[in-house]
Amino acid sequence: MRCIEEQGHIFEEWLTPEQITERVQAVADRINEDYKDKSPLFVVVLNGAFVFAADVIRRINRRCKVTFIRVKSYEGTTSTGNIKFIIPLQQNIEGRDVIVLEDIVDTGLTIHQLKDYLYEQGAASVKVAAMLCKPDKIQFPDAVPEYPAQCIKDEFVIGYGLDWEGFCRNLDAIFKLKE
Ligand code: 5GP
């Protein structure tokens, strides 16, 4: 098992690149099936979801569009309780079937607030695909992703787009903080 050190902490490999690929393919298969007669608009939540999004989108065989939004709720390893829109939506989403692509759903605050915002902007439907989901921590029922690639306990992870203070997004696997 691979281990890495980041800022004095040890992280061990938890999901290998092969395991990630399998789970991403399963998510894409489900979306392809569910959106057979639709043309979804993917909203990628920057920064963390860019790697997951690139992998999911290339497996989508429907006609679709992709746009980006940037929000921030975390400082270091804890949620701040409010999301900031750093890059707002740059696309008209009225009447569109939106699929949000998120790296990880933790308390669910980001997705809860984002869903409200997307409906306010006129989305016809909003569903969420997330690489990771922490079911024991989610505080908002509407934030439970319809397409979770993998569930995880209340642990801090990095890699595959997920950062620690901006670092580690480039890791090809997902690493878990060792106690
Ligand atoms: P939520 O709003 O659901 O509490 O938090 C969502 C955001 O928090 C994620 O998009 C991600 O940026 C950050 N986050 C939550 N848990 C983790 C984690 O275990 N590792 C990292 N790197 N970021 C996390």
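Every chain begins its residue count from 1, and numbering advances along the sequence as written. Confidence filtering applies because this is a predicted model: local features only for residues at pLDDT of at least 70, side-chain atom pairs given and counted only at 80 or more, and all residues used for totals across whole chains, interfaces and linings. The basis for the side-chain values is all heavy atoms of the structure; hydrogens and waters are excluded.

**Student:** I'd love a proper account of the packing of aromatic side chains, names of residues and values included.
**Tutor:** In summary, the pairing rule links any two rings of Phe, Tyr or Trp, Trp by its six-membered ring, whose centres are within 6.5 Å, and it sorts them by plane angle into stacked for under 30 degrees, edge-to-face for over 60 and tilted for everything else. Counted by the stated rule, this structure contains three aromatic pairs. With centroids separated by 4.6 Å and ring planes inclined at 45 degrees, the aromatic side chains of F85 and Y117 adopt a geometry described as tilted. With a gap of 32 residues between them, F85 in strand 5 (residues 78-87) and Y117 in helix 3 (residues 109-120) connect regions that are remote in the sequence. Buried means the residue's accessible area, taken with a 1.4 Å probe over protein chains only, is under 20% of the maximum for its type, while exposed means over 50%, and partly exposed covers the values in between. Look at F85 and you get partly exposed, because its relative accessible area is 35%. Between the aromatic rings of F156 and W164, the centroid separation amounts to 5.7 Å while the plane-to-plane angle is 75 degrees, which identifies the pairing as edge-to-face. Site record: aromatic cluster; members linked through ring pairs are F11, F156 and W164. In this structure, K38 is placed above the aromatic ring of Y35, and the distance from its NZ or CZ to the ring centre is 5.8 Å. Strands here mean DSSP runs of E at least two residues long; helices mean DSSP runs of H or I at least four residues long; both are numbered from the N terminus. Whether a charge sits over a ring depends on NZ of Lys or CZ of Arg being within 6 Å of the ring centre and within 35 degrees of the ring normal.

**Student:** Give a description of the side chain of S125 that names residues and reports values.
**Tutor:** As for its position among the elements, S125 is in strand 7 (residues 125-133). Engagement of the side chain of S125 in a polar contact is seen with the side chain of D97, the distance being 2.6 Å. Excluding residues that lie within four positions of it along the chain, S125 makes contacts with R96, D97, V98 and Y119. Here a polar contact is taken to be a pair of N or O atoms separated by no more than 3.5 Å, where protein atoms must pair a possible hydrogen donor with a possible acceptor and residues adjacent in sequence count only if both atoms sit in side chains. A contact between two residues is defined here by any heavy atoms of the two lying within 4.5 Å.

**Student:** How would you sum up the pattern of salt bridges? Please name residues and give values.
**Tutor:** We define a salt bridge as a contact between a side-chain nitrogen of Lys or Arg and a carboxyl oxygen of Asp or Glu at a distance within 4 Å. This structure, assessed with the given rule, holds eleven salt bridges. With a shortest N-O distance of 2.8 Å, E13 and R2 are connected by a salt bridge. Placement of the pair is E13 in strand 2 (residues 9-15) and R2 in the segment before strand 1 (3-6), with a sequence separation of eleven residues. Here E13 falls in the buried class, since its relative accessible area comes to 13%. Since its relative accessible area comes to 37%, R2 is described here as partly exposed. One network of salt bridges, with partners in common, ties together D106, K134, K137 and D154.

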